[in-house]
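# Descriptive analysis of the structure
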Amino acid sequence: MKILYSNFLILSIFGLNFAISPPAKAAISCENGTINHYANGSLHTCLISQNTTLQLSSASGISIFPCKAQSYIYFDEKGQFRRCQLAEDIQIRIDNSLEKCPADFWINVSISDAGNQSITCRQN
């Protein structure tokens, strides 16, 4: 039982760290020769080699985005996630309703200076 408790504690600490860390947290595996950087050295775009799930935290809450392999992923100059093509269907909240954003559509995320997240879904 002691081992289970310590594993739970480790997972809880990891989960807490994951939720309160900078806006995007994921291991990004990029295809060779597709990586583009901003002048400050931060990642701008790359072609991801495998499906990648990003977890974003903002004042609006936590959002999870499954990004599709063999498509580009985009970040801003501060390293914050901006855009990717979805690997699977998701639901996004628009005002007080949920809207389906299908797989293969592009998810676009912007976060205001106040930390409020805005999400749009487009076919291209």
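Before any of the text, the structure's been laid out above.
A few points on the structure. Small disclaimer: the values here were computed from a predicted structure and weren't measured.

### A short note on the pattern of salt bridges
Proximity of charged atoms lets side chains of opposite charge pair with each other. Summed over all chains, the structure comprises 3 salt bridges. The shortest N-O distance in the salt bridge between Asp 76 and Arg 82 comes to 2.6 Å.

### Topic: the environment of Gln 85
Of note, Gln 85 is situated in strand 7 (residues 81-85). For Gln 85, a relative accessible area of 16% gives the class buried. In this structure, the C-alpha to C-alpha distance between Gln 85 and Pro 66, residues 19 residues apart in sequence, is 8.3 Å. Among the polar contacts listed, one links the side chain of Gln 85 to the backbone oxygen of Asp 104, at a separation of 2.9 Å.

### What to know about the state of the cysteines
This structure, assessed with the given rule, holds 3 disulfides. The side chain of Cys 67 participates in a disulfide bridge whose partner is Cys 84; the two sulfur atoms lie 2.1 Å from each other. Taking the sign of the torsion about the S-S bond as the criterion, the disulfide between Cys 67 and Cys 84, at about -75°, is left-handed. With Cys 67 in strand 5 (residues 61-67) and Cys 84 in strand 7, this residue pair connects regions lying 17 residues apart in the sequence. The residues Cys 67 and Cys 84 share a single accessibility class, namely buried. Through a disulfide, Cys 101 is tied to Cys 121; the S-S separation comes to 1.9 Å. Residues Cys 101 and Cys 121 are joined through a disulfide that is right-handed, its torsion about the S-S bond being 85°. Of the two residues, Cys 101 sits in strand 9 (residues 97-101) while Cys 121 sits in strand 11 (residues 117-122), which places them 20 residues apart along the sequence.

### Notes on the nonpolar core
One finds Phe 65, Ile 73, Phe 81 and Ile 107 to be the most contacted residues of the largest nonpolar core, which totals 19 residues. Elements that contribute at least two residues to this core include exactly strand 4 (52-58), strand 5, strand 6 (72-75), strand 7, strand 8 (90-94) and strand 10 (106-111). Per-element accounting of this core gives the leading share, 3 residues, to strand 10. Setting aside its immediate chain neighbours within four residues, Ile 107 contacts Phe 65, Phe 81, Arg 82, Arg 83, Cys 84, Leu 86, Ile 90, Ile 92, Cys 101, Ile 119 and Thr 120.

Reading the values: the criteria
Residues numbered from 1 in each chain as written. Predicted model: local features only at pLDDT ≥ 70, side-chain atom pairs only at ≥ 80, totals over all residues. Heavy atoms only, no water. Salt bridge = Lys/Arg side-chain N within 4 Å of Asp/Glu carboxyl O. Helix = DSSP H or I, 4+ residues; strand = E, 2+ residues; numbered from the N terminus. Buried < 20%, exposed > 50% of the residue type's maximum accessible area, 1.4 Å probe, protein only. Polar contact = N/O pair within 3.5 Å; in protein donor to acceptor, adjacent residues only side chain to side chain. Disulfide = S-S within 2.5 Å. Core = buried A, V, L, I, M, F, W, Y, C linked by side-chain atoms within 4.5 Å. Contact = heavy atoms within 4.5 Å.

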